[in-house]
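Next come the chains, spelled out residue by residue.
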Amino acid sequence: MTKTKNVQKVIAPPATHMVGDGFRVHNFFPGTEEIDMVRMSPFILLDYNSLVEWPARETPRGVGVHPHRGFETVSIAYKGSVAHHDSAGNSGVINEGDVLWMTAASGILHKEYHEKEFSRKGGAFQMVQLWVNLPSDVKMSAPKYQAITNELMGKYEIPSDGGTIQVLAGSFMEVKGPANTFTPINIYNIELKKGTAITFNLDEHHNTGFLVIGGSVIVNKDNKVATNHFALFKNDGDEINLNAEEDSLILVLSGEPINEPVASYGPFVMNTREEIMQAYEDFNSGKFGYLAD
Ligand code: MN
């Protein structure tokens, strides 16, 4: 017997702020009234650079060297290209449709800039950065890096040519996503053609939200969610119905909550205040390694 997973609230895009000089983001959480670092756990931060046109520039815009500890950063490119380097020696470029999944865990330094050629030409830019929390027993494990190009994603074709569901993490029906995760998570990009309706299931107890990247959908028959809006779901059922009012693209986040205390400050997310102080001490004493500017 299935039960509808109801929408708790549709959140309009908050005013933007800059991250470095290269990312103009709406922070949907933490920091909106409804969503702190617990409400969408294991997802603890969602920064969304809605579609923007960057003018050409020789020196790439971006965000310089900074640390992280205790969680994972997931960068999803919808338009434009971003280059990434970290102190574990990993580097790469994500282009339209690609994902970079960085497990900071015990500590890493990284920097993210617009890719050189993209910067030189300028153009359309649209990105998501998501922070995924780690359970306490793996917060201090070794850093890890997963470069997930678009062709690696699981693809579920919606019947009657209704669109495609790209599976980044977890599974949709029998289709699995390539990302290795530490806790049960489903992340999809749902491309839905105008007039298509789908019904699917996500665990009742998983915290769930949708970000509409493009287009407009009706959720569960009577909740309109337009471009750049976020739908937060209640944990009251497992069935969701989507109906596309126009060709649409929706980022779906759903995951089992990590029921542990959260202590966070700046780029560190741990379980206790002492662990945050230790993170600053380790960072200041060079234990996060080295990365050139
Ligand atoms: Mn970062």
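Thresholds, definitions, all that
- Residues numbered from 1 in each chain as written.
- Predicted model: local features only at pLDDT ≥ 70, side-chain atom pairs only at ≥ 80, totals over all residues.
- Heavy atoms only, no water.
- Buried < 20%, exposed > 50% of the residue type's maximum accessible area, 1.4 Å probe, protein only.
- Helix = DSSP H or I, 4+ residues; strand = E, 2+ residues; numbered from the N terminus.
- Pairing = 2+ DSSP bridges.
- Phe/Tyr/Trp six-rings, centres within 6.5 Å; stacked < 30°, edge-to-face > 60°.
- Expected span 1.5 Å × (residues − 1).
- Contact = heavy atoms within 4.5 Å.
- Salt bridge = Lys/Arg side-chain N within 4 Å of Asp/Glu carboxyl O.
- Donors = N, O, S within 2.8 Å, 3.2 Å for Na, K, Ca; no water.

**As for the pairing of strand β7 (residues 82-86)**
Extensive coverage of β7 is indicated by the burial of four of its five residues. In textbook terms, the turn of a hairpin is the stretch between consecutive antiparallel strands, and for β7 and strand β8 (residues 91-94) this stretch comprises four residues, one of which, Gly89, has a positive phi near 95°.

**Points about the packing of aromatic side chains**
One pass over the structure, following the stated rule, counts 16 aromatic pairs. Measuring from centroid to centroid gives 5.7 Å for Phe118 and Phe125, while their planes differ by 35°, and the two rings are tilted. Here Phe125 falls in the buried class, since its relative accessible area comes to 0%. Ring-pair connections join several aromatic residues into one group, and the members of that group are Tyr156, Phe172, Tyr188, Phe200, Phe210 and Phe233.

**Overview of helix α2 (residues 273-284)**
An α-helical turn contains 3.6 residues, so a residue and the one three or four places further along point in the same direction. When the terminal C-alpha atoms of α2 are compared, their 17 Å separation across twelve residues agrees well with the 16 Å that a helix rising 1.5 Å per residue should span. Buried residues in α2 make contact with β25 (263-265) and β26 (268-270). Of the residues trailing α2, Gly286 is marked for its positive phi of about 85°.

**Focus: the pattern of salt bridges**
Across all of its chains, the model carries nine salt bridges by this definition. In this structure, Lys79 and Glu96 form a salt bridge, with 3.6 Å as the shortest nitrogen-oxygen distance. Here the residue Lys79 occupies a position in strand β6 (residues 71-79), and Glu96 occupies one in the loop between β8 and β9 (99-103), the gap between them amounting to 17 residues. On the accessibility criterion, Lys79 (31% relative accessible area) is partly exposed. Residue Lys287 pairs with Asp282 through a salt bridge whose shortest N-O separation is 3.8 Å. One continuous salt-bridge network, built from bridges that share partners, spans Glu58, Glu117 and Arg120.

**So, the coordination of the manganese ion**
Those protein atoms acting as donors to the manganese ion are His66 (NE2), His68 (NE2) and His110 (NE2), and they sit at 2.1 Å. Taken in chain order, the donor set of the manganese ion reads H-x1-H-x41-H. With His66 in strand β5 (residues 62-68) and His110 in strand β10 (residues 108-114), this pair connects stretches of sequence that are 44 residues apart. Both residues of the pair, His66 and His110, belong to the buried class.

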